[in-house]
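# Structure assessment
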Amino acid sequence: MAAGSAQAAVELDRDTLLGMYETMMQIRTFEDLAGKNFAAGLVPGFVHLYAGEEAVAVGICSQLTDNDFITSTHRGHGHCIAKGVDIAGMVAELMGKSTGVCKGKGGSMHIADVEKGMLGANGIVGGGIPLACGAALTARTLGTGGVAVCFFGDGAANQGTFHEGLNLAAIWNLPVVFVCENNGYAESTPVRYHCAASDIANRAGAYEIPGVVVDGLDVFAVYEAAGEAIARARRGDGPSLLEAKTYRFYGHFQGDQVTYRTADELELYKQRDPIVALRKAIVDRGIAGEDQLNAIDARVTEQLDDAWSAAKAAPFPEPEEALTDVYVTY
Amino acid sequence: MVTETATRTMTYQQAINEALQIAMREDPTVVLLGEDIAGGAMVDHLVNDDAWGGPMGVTKGLVQEFGRDRVLDTPITEAGFIGAAVGAAATGLRPVAELMFVDFFGCCMDQIFDQGAKLRYMFGGKAKCPVTIRTQIGAGVSAAGQHSGCHYSVFAHMPGIKCIVPSTPADAKGLLLSAIRDDDLVMFFENKVLYGTKGDVPEGDEGIPLGVADIKRVGDDVTIVAISRMVQQALAAADTLAAEGIEAEVIDPRTLSPLDEETILSSVAKTHRLLVVDEDNPRCSAATDIAAMVADKGFDTLDAPIKRVTAPHTPVPFSPPLEQFYVPSPDRIVDAVREIV
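No experiment lies behind these values; they were computed from the predicted model shown.

Criteria and cut-off values
Residues numbered from 1 in each chain as written. Chains lettered and ligands numbered in written order. Predicted model: local features only at pLDDT ≥ 70, side-chain atom pairs only at ≥ 80, totals over all residues. Helix = DSSP H or I, 4+ residues; strand = E, 2+ residues; numbered from the N terminus. Rg over C-alpha atoms; globule rule 2.2 N^0.38 Å. Buried ≥ 20, exposed ≤ 12 C-beta atoms within 10 Å, placed from the backbone. Contact = placed C-beta atoms within 7 Å. Domains from an automatic or database assignment. Core = buried A, V, L, I, M, F, W, Y, C linked by C-beta atoms within 7 Å. Pairing = 2+ DSSP bridges. Axes fitted to C-alpha atoms, helices over the stretch in contact; angles between N-to-C directions. Nonpolar A, V, L, I, M, F, W, Y, C, P; charged D, E, K, R; others polar. Parallel < 35°, antiparallel > 145°, perpendicular 65-115°, else oblique. Left-handed = near helix turned anticlockwise from the far one by under 90°. Expected span 1.5 Å × (residues − 1). Arc of directions from axis to C-beta. Right-handed = clockwise from strand over helix to strand, strands pointing away.

## With respect to the overall build of chain B
In terms of regular secondary structure, chain B is built from 11 helices and 14 strands. Relative to its length of 341 residues, chain B is compact, with a C-alpha radius of gyration of 20 Å against a globular reference of 20 Å. Across its three principal axes, chain B shows a C-alpha extent of roughly 65 × 55 × 45 Å. Burial status across chain B gives 55% buried among its 341 residues. Considering only intrachain contacts with a sequence separation of at least 6, the fraction spanning at least 24 residues in chain B is 78%.

## Describing the overall build of chain A
Helix and strand content of chain A: 12 helices and seven strands. Its C-alpha atoms put chain A at 55 × 50 × 40 Å along the principal axes. Counted over contacts in chain A with a minimum sequence separation of 6, partners at least 24 positions apart contribute 76%.

## Observations regarding the domain arrangement of chain B
All names here are of chain B. Per the domain assignment, the segments of chain B are domain 1 (8-202) and domain 2 (214-340). A separation of 27 Å is found between the C-alpha centroids of domain 1 and domain 2. Domain 1 puts 28 residues into the contact, and the matching count from domain 2 is 24 residues. Among the secondary structure elements, those contributing two or more residues to the side of domain 1 that touches domain 2 are α5 (152-156), β6 (161-164), α6 (169-181) and β7 (185-191).

## Looking at the nonpolar core
In terms of nonpolar packing, the biggest core is built from 210 residues, with A:Ala136, A:Val176, A:Val177, A:Val179 and A:Val222 touching the most fellow members. By residue number, the principal contributor to this core is helix α9 (residues 219-235) of chain A, which donates 10 residues. Taken together, domain 1 (8-202) and domain 2 (214-340) of chain B each give at least three residues to this core, which thus spans both. With near-sequence residues (within four places) excluded, A:Ala136 lies in contact with A:Val147, A:Ala148, A:Ala169, A:Leu174, A:Pro175 and A:Val176.

## Focus: the sheet that holds strand β9 (residues 214-217) of chain B
Residue and element names in this part refer to chain B. The five strands are arranged β9-β11-β10-β13-β14 in an open sheet whose pairing can be described as mixed. Bordering the open sheet on either side are β9 and β14 (307-310), each of which pairs with just one other strand. The sheet shows a mean angle of 25° between the axes of neighbouring strands, direction not considered. Strand direction decides the pairing type here: strand β13 (residues 274-278) and β14, joined by four bridges, are parallel. In the strand pairing of β14, Leu275 is matched with Lys307. Contacting β10 (222-226), β13 and β14, helix α9 (residues 286-297) crosses the sheet at an angle of about 165° to β13. Contacts from helix α11 (residues 330-340) reach β10, β11 (248-252), β13 and β14 within the one sheet, and its direction differs from that of β14 by about 170°.

## Section: unusual backbone geometry
Here the bond from B:Ser257 into B:Pro258 is cis, since omega is 5°, no more than 30 degrees from zero. Residue position: B:Pro258 is located in the loop between β12 (255-257) and α8 (261-271). Located in the positive-phi region is A:Asp325, a residue other than glycine, with phi close to 75°. Along the chain, A:Asp325 turns up in the segment after α12 (290-313). In this structure A:Asp325 comes out as partly exposed when scored by C-beta crowding, with 19 C-beta atoms within 10 Å. One non-glycine residue with positive phi stands out, namely B:Met42, at about 70°. Mapped onto the secondary structure, B:Met42 falls in the loop between β2 (32-34) and α2 (62-66).

## Side note on the interface of chain B and chain A
At the junction of the two partners, chain B supplies 36 residues and chain A supplies 37 residues. Residue assignment for the side of chain B that touches chain A shows that the elements contributing at least two residues are α3 (78-91) and α4 (109-122) of chain B. The residue inventory of the side of chain B that touches chain A, partitioned by class, reads 17 nonpolar, 11 polar and eight charged.

## Comments concerning the packing of helix α7 (residues 160-171) of chain A against α3(B)
Two packed helices can be described by the angle between their axes and the distance between those axes. Two elements in contact, α7(A) and α3(B), have axes separated by 8 Å at closest approach and are oriented at 70°. On the basis of the axis angle, α7(A) is roughly perpendicular to α3(B). Along the contact surface, α7(A) presents A:Gly160, A:Thr161, A:Glu164, A:Gly165, A:Asn167 and A:Leu168, while α3(B) presents B:Ala79, B:Gly80, B:Phe81, B:Gly83 and B:Ala84.

## Examining the sheet that holds β6(B)
Residue and element names in this part refer to chain B. Spatial ordering of the open sheet is given by β3-β2-β4-β5-β7-β6-β12, a layout of seven strands whose pairing is mixed. Edge positions in the open sheet fall to β3 (71-73) and β12, since each of these has one partner strand only. Direction aside, the axes of adjacent strands within the sheet are offset by 20° on average. Bridge analysis of strand β4 (residues 96-101) against strand β5 (residues 132-137) gives five bridges, and the strand direction is parallel. Across the sheet, Leu99 pairs through a bridge with Thr135, a residue of β5.

## A closer look at the packing of helix α2 (residues 14-39) of chain A against helix α3 (residues 54-61) of chain A
Residue and element names in this part refer to chain A. One way to put it is that α2 packs onto α3 with a least axis distance of 10 Å and a crossing angle of 140°. It follows that α2 is oblique to α3 by the angle criterion. The two elements α2 and α3 meet at a crossing, and its hand is right-handed. Together, Met20, Thr23, Met24, Ile27 and Arg28 of α2 and Glu54, Ala55, Ala57 and Val58 of α3 make up the contact between the two elements.

## Thoughts on helix α7 (residues 230-243) of chain B
Helical geometry note: an α-helix holds 3.6 residues per turn, so side chains three or four residues apart project in the same direction. Residues and elements named next belong to chain B. Taking 1.5 Å of rise per residue, 14 residues should cover 20 Å, and α7 covers 20 Å from first to last C-alpha, within 8% of that figure. Among all positions in α7, only Met230, Val231, Gln233, Ala234, Ala237, Ala238 and Leu241 are buried. Along α7, the residues classed as buried sweep out an arc of 150° about the axis, all on the same side. Residues of α7 that are exposed and point more than 90 degrees away from the buried face comprise Asp239 and Ala243. For α7, the elements touching its buried residues are β9, β10, β11, β13 and α11.

## So, helix α1 (residues 12-26) of chain B
Residue and element names in this part refer to chain B. Over its 15 residues, α1 runs 21 Å from end to end, which matches the ideal 21 Å to within 8%, given 1.5 Å per residue. Among the 15 residues of α1, 11 are classified as buried, and the element is accordingly described as predominantly covered. Three or more residues of α1 are buried, namely Tyr12, Gln13, Gln14, Ala15, Ile16, Asn17, Glu18, Ala19, Leu20, Ala23 and Met24.

## Focus on the pairing of β7(B)
All names here are of chain B. Counting buried positions along β7 yields seven of seven residues, so the element is predominantly enclosed. Residues Leu185, Met187, Phe189 and Asn191 point to one face of β7 and Val186, Phe188 and Glu190 to the other, with burial holding for every one of them. In this sheet, β7 lies alongside β5 in parallel orientation, the contact comprising six bridges. Bridge pairing in β7 places Thr132 opposite Val186. Handedness of the crossover joining β6 and β7 through α6 is recorded here as right-handed.

## Description of the pairing of β10(B)
Residue and element names in this part refer to chain B. Burial analysis of β10 places five of its five residues in the buried class, the great majority of the element. Along β10, one buried face is formed by Val222, Ile224 and Ala226 and the opposite face, lined by Thr223 and Val225, is buried too. Bridge analysis of β10 against β11 gives four bridges, and the strand direction is parallel. What sits directly across from Val222, in β11, is Ala248. Tracing the backbone out of β10, into α7 and back to the parallel element β11 gives a crossover that is right-handed. Note that β10 and β13 share four bridges and pair parallel. Bridge assignment links Thr223 to a residue of β13, and that residue is Leu274.

In structure tokens form, the structure reads like this:
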């Protein structure tokens, strides 16, 4: 499917489109700076960057509200930003500062904001899948009208929790959308090796729920397919599995030498950069000009630069902070 | 006017059932999830009736009152439904999940300790996880190696989890009510051998606070800290010892995490001797933890080495004579006390 060929491309209004573009740029800029500052030694631990996959998080989360929940993965920055988590607080969290969204206790892999419906990045592959079923059970039991969207990678599709979660959601008819971000690799291992299914979406058939493959580099295609799945869940018609074929521009983690894929392969996907494609669609359709898009880019750059400056200036937590927040009461 | 809470005689199992009923009546966000907790889901003649009410009948009758939307039979999929309970707890429900036997924790431990127990901390205190996981423990019915363990020590080791080990019907009711009302992840360990035991249980909806031990027998000569069913074994041993002129004080910690250190230390300060009785395996266990705590904080009050009577470091055997050998007996407790008094 060529970029922008979906019906959504012509139906989305100007504000929505520019908003999606800005969010995708926020994610890209966030990740580029995270990589750069990780290399500079400003980020403890390790980071897994989402650059290249922006169309998935934004195509889906732009159709959710704070009343809806998402679960995420170790590659979760993009999901957080798309779901509205505070960017300055995220940057501070990466640095382990007291002003981080988790007060420096979670780091890159555990950024969360339950108030925003963001139930956490997750360091366990497939760990968030049952949690999303639980969030959907809450929505159904309390009649909130909300849905749960569960992001996971191609690697997680081989975990037991994937199969347990899809089965549970199917038999309970839960309002949940399972979104497999198939970026071609589970760590260094190609999907063609680690997965017996040519399309992970085929596994939906085992649970008799809809399974759809979508071009994860095309934000319009993602938007449209996700819209159907989300609407279905909201109607009470049950779960769906959406497989977005996507690509990560960086390695599994920063420091990964990425010896398992070729420069040609990376270049091929960079030619299909989802942000470039959206930008071109916006300009081609006369929705906004290059100047207006450049102004958005400049605004995003300034926002991220300010966030890093603030995080660098912020204090680390006091050591005794390590002892708090284990229990509500103990 | 003095008011006293009326009590009735009921079994440990009935007391747990009553606590669940009270909690579900008072809070519509309390839902139950588990394998066969009603049973017979989608069977035409069991629409609002249970086939089993749990494998031991502990949840019997609840689906009739609360319906299948709040008493949710699950597939045999521990990671799936325990994880769903955790996710539901983080988003506004107050679920009570049943892990049929604690030995099955290997199927769902990631969801308990990597997700539920760590979520609040990793999120900087901006979330809570008010889920209770009820589970069966204990040897004594020849259920063999995969249906008989105690394993509460594994959970007490992990921050973010509270561990409750009731030994009487009254404690089971009061502590389960507190567990469900608690805003943290609570493991509630029901000893299957105790399900049929009877005791006086208060009417009403009052909970028993977590982290408060109960002195089940007062004595001056030795402190016996006993966990779960071992409280009964210790009380039987105390009767034998009393005939010899040795008065044992039997302390039931009731919760292993949090642990009421003060009650244990105060008792040891009086008796100067400590024996810990624990049906769990002995390495890195509740027994070693309590012994270490007293050695650390109460060493000056001790007149004898701390003793432990525990299960051996083996899986639970099947054959009745082997299993009887495995579970700490009153005779072993009496012998251990004689060594230090």
